[in-house]
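Architecture and fold: a report
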Amino acid sequence: MSRSESSFLDGKTAIVTGYGGVGYEVALALALRGAAVVVAGRDESKGRAAVERIERELEGEDARQGLDRRFPGAAFEMLDLFDPSSTRDFAARVIASRDHVDMIFCVAGVMMPDELGLTSAGVERQFAVNYLGHYELVGRLMPLLRASDGARVVTVSSIANRPTRFDLADAVAARDYVPSISYALSKLCCLMYALELNRRFPFVRACCAHPGLARTNLFSGSKGFTMSLLRVIFFVFPFIRQSARAAARPVLYAALSPDAVGGAYYGPMFAFAGPPRRALTPLRARNERLRERMWTVSEELTGVKYE
Ligand SMILES: NC(=O)c1ccc[n+]([C@@H]2O[C@H](COP(=O)([O-])OP(=O)(O)OC[C@H]3O[C@@H](n4cnc5c(N)ncnc54)[C@H](OP(=O)(O)O)[C@@H]3O)[C@@H](O)[C@H]2O)c1
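Quick word on unusual backbone geometry
For residues that are not glycine, phi is negative in most cases, and the peptide bond is trans in most cases. Backbone geometry places Met112, a non-glycine residue, at a positive phi of 50°. Along the polypeptide, Met112 turns up in the loop between strand 4 (103–106) and helix 4 (125–140). Among the residues examined, Met112 registers 23 C-beta atoms within 10 Å and is labelled buried.

Given below as structure tokens:
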């Protein structure tokens, strides 16, 4: 990395949710470019371990460049997106300790848990963690984004963002819980949300990205048929998944590239893998009426109205 690259984000503050495969790589890349990074997640020991790894990488980078300058580095903050009170407390701590936030990367996610899980408000787990928790988080931090001179929000969708039915009632009552439909619904909402945020609040450049297929822990939890089949496919064709570092590139591109534009969707060139480029936005995500409906439901479920 050149010296100018490693100071590209000096003075910028970024929040990254999730310290797993993709989230870790996004946080590391931002920290290496000089941003102060808040790594937000639900497990303190995993979060602190991720921050320590980032700190070691930064020290190594300084040693390689022969500099004794310190990067602002990374700090861990507790955030459980499944628990609205945790999201509220996280936002309150950030607001109390900072006067601006420049970038929020909504990366944390869960995929197809076997058992239906519901928040205290009755919201299905994947919808809550992947989408609604992020809606609440960004909404609560809008005053700090407004104080930035170039606010960015990036959400993370998936190639699996085409649910066979689009019914937001599935997210709440979770009738006939079908893990793959709930996952796809949550990931479609991540995309619709970025487009709608960008449309409603022009001071934020909001984009969405998907990582293609990446070798991370996302596929390890479930014993269900779809996930078991995916694991077999990955075993037989290991090359269809890229590294977490490569998978993080579209997410970083959406926020940092001078060529990226608000309201766009990015992903790997060859769908599963490859360098970042514009991805195809599904028709439902382009439907403003659906997006408005989703926004209203999100306001009702969280009680958070964006300023
Ligand atoms: N890997 C892929 O091929 C792929 C494909 C398409 C989309 N994606 C998307 O990429 C994103 C990152 O996934 P990944 O592949 O990096 O998977 P991962 O390694 O499993 O990371 C997921 C992260 O989300 C965190 N998380 C889960 N529940 C949470 C909660 N309630 N509150 C806060 N954080 C929570 C996990 O923390 P814990 O470790 O503590 O559970 C973990 O840090 C996800 O949004 C996923 O949907 C991934």
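Alright, that's what it looks like, and here's the rest.
Observations concerning helix 4
By the largest-angle criterion, Leu132 marks the main kink of helix 4, which is about 40°. For helix 4, the buried fraction is high: 15 of the 16 residues fall into the buried class.

What to know about the site of the ligand
Surveying the vicinity of the ligand reveals 31 residues, the closest of which are Gly18, Gly20, Ala108, Gly109 and Thr216. Of all the secondary structure elements, the ones that give two or more residues to the shell around the ligand are helix 1 (21–32) and helix 4. When grouped by side-chain class, the residues that make up the shell around the ligand number 15 nonpolar, 12 polar and four charged.

Things to note about the packing of helix 1 against helix 2 (residues 44–65)
Interaxial distance between helix 1 and helix 2 falls to 10 Å at its minimum, and their mutual angle equals 35°. The handedness of the crossing between helix 1 and helix 2 comes out as right-handed. Facing helix 1, whose interface residues are Tyr24, Ala27, Leu28, Ala31 and Leu32, helix 2 presents Ala50, Ile54, Glu57, Leu58 and Glu61.

Some details on the pairing of strand 5 (residues 151–156)
For strand 5, a buried count of six out of six residues is recorded, marking the element as mostly surrounded by other parts of the structure. Pairing analysis gives four bridges linking strand 4 to strand 5, with the strands arranged parallel. Within strand 5, the residue paired with Met103 across the bridge is Arg152. With six bridges connecting them, strand 5 and strand 6 (residues 204–209) associate as parallel partners. By the bridge assignment for strand 6, Thr155 is matched with Cys208.

Observations concerning the nonpolar core
Judged by nonpolar contacts, the single largest core of 98 residues is most densely connected at Val26, Ala27, Ala31, Val37, Val39, Phe105 and Val251. It is helix 7 (residues 179–200) that provides the largest number of residues to this core, a total of 12 residues. With near-sequence residues (within four places) excluded, Val26 lies in contact with Val16, Phe105, Val107, Ala248, Val251 and Leu252.

Some words on the environment of Pro179
Tracing the sequence through the fold places Pro179 in helix 7. Residue classification places Pro179 among the buried positions, given that 22 C-beta atoms sit within 10 Å. A sequence separation of 54 residues divides Pro179 from Arg125, and the C-alpha atoms of the two residues are 9.9 Å apart. Contacts of Pro179, omitting those with residues within four sequence positions, involve Met112, Pro113, Asp114, Ser222 and Gly224.

Here we look at the sheet that holds strand 1 (residues 13–17)
An order of 3-2-1-4-5-6-7-8 is seen for the eight strands of this open sheet, with the pairing classed as mixed. Where the open sheet ends on each side, the last strands, each with one partner, are strand 3 (74–78) and strand 8 (276–278). For this sheet the average axis-to-axis angle between neighbouring strands, irrespective of direction, equals 25°.

Here we look at the pairing of strand 2 (residues 36–41)
Consecutive residues of a regular strand have side chains that alternate between opposite faces of the sheet. Of all six residues in strand 2, six are buried, a share of seventy percent or more. A two-sided burial pattern is seen for strand 2, the buried positions comprising Ala36, Val38 and Ala40 on one face and Val37, Val39 and Gly41 on the other. Pairing analysis gives five bridges linking strand 1 to strand 2, with the strands arranged parallel. Residue Ile15 lies in a different strand from strand 2, and its bridge partner there is Val38. Both strand 2 and strand 3 contribute to a ladder of five bridges, which runs parallel. When the bridges of strand 3 are listed, Ala40 appears paired with Glu77.

What counts, and where the lines are drawn
- Residues numbered from 1 in each chain as written.
- Predicted model: local features only at pLDDT ≥ 70, side-chain atom pairs only at ≥ 80, totals over all residues.
- Helix = DSSP H or I, 4+ residues; strand = E, 2+ residues; numbered from the N terminus.
- Buried ≥ 20, exposed ≤ 12 C-beta atoms within 10 Å, placed from the backbone.
- Bend = angle between axes of the 7 residues up to and from the residue.
- Near = placed C-beta within 6 Å.
- Nonpolar A, V, L, I, M, F, W, Y, C, P; charged D, E, K, R; others polar.
- Axes fitted to C-alpha atoms, helices over the stretch in contact; angles between N-to-C directions.
- Left-handed = near helix turned anticlockwise from the far one by under 90°.
- Contact = placed C-beta atoms within 7 Å.
- Pairing = 2+ DSSP bridges.
- Core = buried A, V, L, I, M, F, W, Y, C linked by C-beta atoms within 7 Å.

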